[in-house]
Amino acid sequence: MLTRRELLGVGAAAGAGLALSPRVRPVRASPGPAAFSVPLPLPPVLRPVRRGATTDFYELTTRRASVELLPGRRTAVWGYQGAFPGPTIEAVRGRRVVVRHRNRLPFAVNTHLHGAHVAAEHDGHPRDLIGPGEHRDYVFDNDQPAATLWYHDHTHHRTSRHLYMGLAGLYLLHDPAERALGLPSGPFDLPLILQDRSFTASGALRYQPDRFSVLGEVVLVNGRPQPFVAVGARRYRLRLVNASNSRAYRLRLSGGRPLTQIASDGGLLARPHRVTELILWPAERADVVVDFAGLAAGTQVVLENADAAGAAGRLLRFDVTGPAPDPSRVPERLAEIPSLRAALPAGAAAVVHTSRLGLDVVAQQWEINGRPFDSRRVDARVRRGRPEVWRLVNRDRMTHPMHFHNHPFQVLDRNGRPPPPRERGWKDTVAVGPRETVRIVVRFDRYLGRYVYHCHSLPHEDHAMMAQLEVVA
Ligand code: C2O
Ligand code: CU
Ligand code: CU
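Model, not experiment: these values are computed from the prediction.

Caption draft 1: Structural detail: the overall build of the protein. A count of helical and extended segments in the protein gives five helices and 32 strands. Principal axes of the C-alpha set define a box for the protein whose edges measure 60 × 55 × 50 Å. The proportion of buried residues among the 473 residues of the protein is 60%. Summarising the internal contacts of the protein: among those between residues at least 6 apart in sequence, 76% fall at separations of at least 24. Split by element, the accessible area of the protein, about 17400 Å² in all, is 51% carbon and sulfur. Looking at charge distribution, the protein has the averaged site of its 64 positive side-chain charges lying 1 Å from that of its 44 negative ones.

Written out as structure tokens, the structure reads:
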């Protein structure tokens, strides 16, 4: 058996107190295609099958399909509507969405809407599966601010493989308050789903996980390797979504061009925040505005991952086509974010849950508080409507992006220090680096019942770095 050190093989902390684990494996040249030879696709927007007075009804079928990911090759995938990534659902705050998920795959799957405030029975709990040939209706109330959410399978022990094969898509929640801001919208609002994959010589997806990570040599953006996209010399909103199984990205633009972050997982930040680089752990999202104004036609700007060499470090090329009118704005105040810290009872009166993250070397299993996931066990009870603190303590050498279902949270502090600006809005996934302690506050409103929380590095989640909380009245 390998030693713990060999198994983890992770580098020390890099920048901002975070270690980008797992460390990048040597990257091979991407198989076949020349860089930036395919146009960036946008996932198709799913049409409702019916619109009621208060509710939009959708149908999503999971099935096998053969699609073109690498240029000129066919790849067998498991997809929502047979697409990789799945179609995008566009929802509006306050208007309910019902998704009928029909499963035409020969095994059980389900759907979880990541980042959504949702009733427990519609949350895609890992024990609530849809068998082959069956269907299930998911009800999403959309009672939360505009945000870049995503849906994916959540089958226990199989989530990593299922997502790798394609079972994920976007769910964009809009609201009038966000629309009124005048941010770049419509064709100037581009979702960018980042997923790394490995392929066999014949173009099949090659899934080779261990308990620590699954890393691909090719980074797909909306399902294509190193695509290009034509842009006008104006502002664009980019919705950066890390839908990779294990890989973290240190994103930047070539030439050090600035990115203005306007939103994180759970929606708009209070104010825009200018950066030159942005780290995204699995399941994290960041919406940024990039301004190409002033760039001459023919200028090329590359979205890079500073943490990878070669093709895997050059993700997407923007080709500036020429001047373009730009009525968009990025206001200095984006959203009111009520402080959960201020809502906490003073001092020792606050309820604190502690989750210790670690590895059982003998069992080769990831754990929270020394236990692997067991859906029959409730690990923590929380009071509905009461803000409570969670201390996430990482004794380990790997970073664990910890995700809570049911309600976005706020980061209270990171190793006792205030969180960086990018973590000052609503989050649903937070990276806890080696030896770090992150405290978050969350208030679970409205729904009662059992929800999971877990590491979103998918091999960790599957083996079995997940626990269960119950919201009680
Ligand atoms: Cu992205 Cu438990 O989910
Ligand atoms: Cu989730
Ligand atoms: Cu983990």
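Caption draft 2: Fine view of the sheet that holds strand β25 (residues 380-383). The mixed open sheet is built from five strands, whose spatial order is β25-β32-β31-β27-β29. Because the sheet does not close on itself, it has two edges, and the strands there are β25 and β29 (429-432). When the angles between neighbouring strand axes are averaged without regard to direction, this sheet yields 25°.

Caption draft 3: The arrangement of the layout of surface pockets in detail. There is about 470 Å³ of room inside the largest pocket. Forming the boundary of the largest pocket are 25 residues, of which Arg 93, Gln 144, Pro 145, Glu 336 and Trp 426 lie nearest the centre. Each residue belonging to the lining of the largest pocket can be placed in one class, and the counts come to twelve nonpolar, five polar and eight charged.

Caption draft 4: Structural view of the coordination of the copper ion (ligand 2). For the copper ion (ligand 2), every protein donor is listed as His 112 (NE2) and His 403 (NE2), and the spread of their distances is 1.9 Å. With His 112 in strand β7 (residues 112-114) and His 403 in strand β27 (residues 400-404), the pair connects residues that are 291 residues apart, well separated along the chain. Neither His 112 nor His 403 differs from the other in exposure class; each is buried.

Caption draft 5: Up close: the coordination of the copper ion (ligand 3). Looking at the metal site, the copper ion (ligand 3) is ligated by His 400 (ND1), Cys 455 (SG) and His 460 (ND1), spaced 2.0 to 2.1 Å from it. Of note, the copper ion (ligand 3) draws all its donor residues from one chain, in the sequence arrangement H-x54-C-x4-H. One end of the pair, His 400, is in strand β27; the other, Cys 455, is in strand β31 (residues 449-455), with 55 residues separating them in the sequence.

Caption draft 6: Inspection of the pairing of strand β17 (residues 259-264) at higher detail. Burial analysis of β17 places six of its six residues in the buried class, the great majority of the element. Across five bridges, the pairing between β17 and strand β18 (residues 267-275) is antiparallel. Pairing of Gln 261 across the sheet is with His 273, part of β18. A loop of two residues connects β17 with β18, the two strands running antiparallel in sequence.

Caption draft 7: Representation of the side chain of His 112. Here His 112 falls in the buried class, since its relative accessible area comes to 1%. Of the polar contacts made by the side chain of His 112, one reaches the side chain of His 405; its length is 3.4 Å. In this structure, His 112 is in contact with Asp 123, Gly 124, Trp 150, Tyr 151, His 152, His 154, His 403 and His 405, ignoring residues within four places of it in sequence.

Caption draft 8: Region of the structure containing unusual backbone geometry. A cis geometry characterises the amide bond from Phe 84 onward to Pro 85, with omega recorded as -10°. Residue placement: Pro 85 occurs in the loop between β4 (75-80) and β5 (89-92). For the bond from His 463 to Ala 464, the omega torsion is -15°, close enough to zero to count as cis. Structurally, Ala 464 can be placed in the loop between α5 (458-462) and β32 (466-472). Non-glycine residue His 157 carries a positive phi angle of around 70°. Unusually for a residue other than glycine, Asn 369 sits at a positive phi of about 55°. If you trace the backbone, Asn 369 turns up in the loop between β24 (365-368) and β25.

Caption draft 9: Highlighting the sheet that holds β5. With respect to topology, four strands assemble into an open sheet ordered β5-β10-β9-β7, the strand pairing being mixed. Of all strands in the sheet, those with a lone pairing partner are β5 and β7, marking the two edges. Averaged over neighbouring strand pairs, the angle between their axes works out to 30° when direction is ignored. Examined bridge by bridge, strand β9 (residues 147-152) and strand β10 (residues 168-174) share six bridges and lie antiparallel to one another. The partner of Leu 149 across the bridge, within β10, is Tyr 171.

Caption draft 10: Quick look at the pattern of salt bridges. Under the counting rule described, the total for this entry stands at 40 salt bridges. Asp 379 serves as the salt-bridge partner of Arg 377, at 2.7 Å between the closest nitrogen and oxygen. Judged by its relative accessible area of 16%, Arg 377 is buried. Classification of Asp 379 as partly exposed rests on a relative accessible area of 27%. Among the ionic pairs, Asp 413 bridges to Arg 439, the shortest N-O distance being 2.8 Å. Here Asp 413, found in strand β28 (residues 410-414), pairs with Arg 439, found in strand β30 (residues 437-442); they are 26 residues apart in sequence, far enough to count as distant. Classification of Arg 439 as partly exposed rests on a relative accessible area of 28%.

Conventions used here
Counting from 1, residues in each chain are numbered in the order their sequence is written. Each chain is given a letter, starting from A, and each ligand a number, starting from 1, according to the order in which they appear as written. Local features in a predicted model are, by the rule used here, given only for residues with pLDDT of at least 70; side-chain atom pairs are given and counted only at 80 or more, and totals for whole chains, interfaces and linings are based on all residues. Note: side-chain values were computed over all heavy atoms of the structure, leaving out hydrogens and water. Helix numbers and strand numbers start at the N terminus; a helix is a DSSP run of H or I with at least 4 residues, a strand a run of E with at least 2. Exposure categories follow from relative accessible area, calculated using a 1.4 Å probe and restricted to protein chains: below 20% of the type maximum is buried, above 50% is exposed, and the middle band is partly exposed. Note on definitions: a residue-residue contact is assigned when non-hydrogen atoms from the two residues lie within 4.5 Å. To be clear on the numbers: accessible area is Shrake-Rupley with a 1.4 Å probe, and residue cover counts the displayed protein chains and nothing else. Counted as positive: Lys and Arg. Counted as negative: Asp and Glu, with His and the chain ends omitted from the count. Think of each charge as sitting on NZ of Lys, CZ of Arg, CG of Asp or CD of Glu. Being paired, for any two strands, means DSSP has found at least two bridges between them. Where helices are involved, their axes are fitted lines through C-alpha atoms of the stretch in contact, as for all axes, and angles between N-to-C directions lie from 0 to 180°. With a 1 Å grid laid over protein atoms only, a set of points is called a cavity when a 1.4 Å probe fits there but cannot get out and a pocket when it is open yet has protein on both sides within 12 Å along at least five of seven lines; lining residues have an atom within 4 Å of a point. Grid points are joined across faces, edges and corners, and a volume is the space filled by probe spheres set on the points. Classes in brief: Ala, Val, Leu, Ile, Met, Phe, Trp, Tyr, Cys and Pro nonpolar; Asp, Glu, Lys and Arg charged; the others, Gly included, polar. Here a donor is any nitrogen, oxygen or sulfur atom (N, O, S) within 2.8 Å of the metal, with 3.2 Å used for Na, K and Ca; water is not among the atoms considered, so some sites may look incomplete. Polar contacts here mean pairs of N or O atoms no more than 3.5 Å apart (in protein, one a potential hydrogen donor and the other a potential acceptor; neighbouring residues in sequence count only if both atoms are side-chain atoms). By salt bridge we mean one thing: a side-chain nitrogen of Lys or Arg within 4 Å of a carboxyl oxygen of Asp or Glu.

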